[in-house]
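An overview of the molecular structure
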Amino acid sequence: MKLYIMRHGEANYPQGSYSDRERRLTTNGEREVMTTTTWLIDKQPEVDCVYVSPYLRAQQTASILLSHLKTGQRQDCDDITPDGHAASVVSWLAAEIQEHNFNSVVLVSHMPLVSYLVHELDTSVQPPIFPTAGIAVVDFSPETLRGKFQQLLIAERCAG
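Keep in mind that what you see is a predicted model, and the values were worked out from it rather than measured.

1. Description of the pattern of salt bridges
Opposite charge on two side chains lets them pair, provided their charged atoms get close. Enumeration according to the criterion identifies 4 salt bridges in this entry. Here Asp76 makes a salt bridge to Arg74, at a shortest N to O gap of 3.5 Å. Judged by its relative accessible area of 44%, Asp76 falls in the partly exposed class. Taken together, the shared-partner salt bridges in this structure form one network comprising Asp20, Arg23 and Arg57.

2. Regarding the pairing of strand β1 (residues 2–7)
Burial analysis of β1 places 5 of its 6 residues in the buried class, the great majority of the element. Here β1 runs beside strand β6 (residues 104–109); their pairing, made up of 6 bridges, is parallel. Across the sheet, residue Leu3 finds its bridge partner in β6, namely Val105. Looking at chain direction, β1 and strand β7 (residues 135–141) are connected through 5 bridges and run antiparallel. Bridge pairing in β7 links Ile5 to Ala136.

Cut-offs applied
- Residues numbered from 1 in each chain as written.
- Predicted model: local features only at pLDDT ≥ 70, side-chain atom pairs only at ≥ 80, totals over all residues.
- Heavy atoms only, no water.
- Salt bridge = Lys/Arg side-chain N within 4 Å of Asp/Glu carboxyl O.
- Buried < 20%, exposed > 50% of the residue type's maximum accessible area, 1.4 Å probe, protein only.
- Helix = DSSP H or I, 4+ residues; strand = E, 2+ residues; numbered from the N terminus.
- Pairing = 2+ DSSP bridges.

Next comes the structure, spelled out in structure tokens:
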């Protein structure tokens, strides 16, 4: 099955706040997300589910993505925050995919978790440094909890 691991778009701290949970997408971040969303729709116009971190910037990223992508469902997940544990997330995600018989899933999260997830799935690659709005494409086997990293999509490379 196809697993798309996406980092949120560029974000700033809201004025007067230092809460990581409340960081909002910048205008550039929204543009980045739209660029990678356009690429994703071309490759995978419909996905079974989009899993989203509860942090504001991930929620905003998912909203942009979901306004263009066809999906069966969206699910918020408290375990896919920046300090999430990659092995636990992979086990949970595999169980979700098997329970619902999903063929394609997008997970919208944060650094460093997105990097650790790629490495957890495919130990032959070092944890990649995700740019904002970057998407890793992984062929994932939920039965074995392993995957094959295919590529890391970067917004700047899609735009030009």
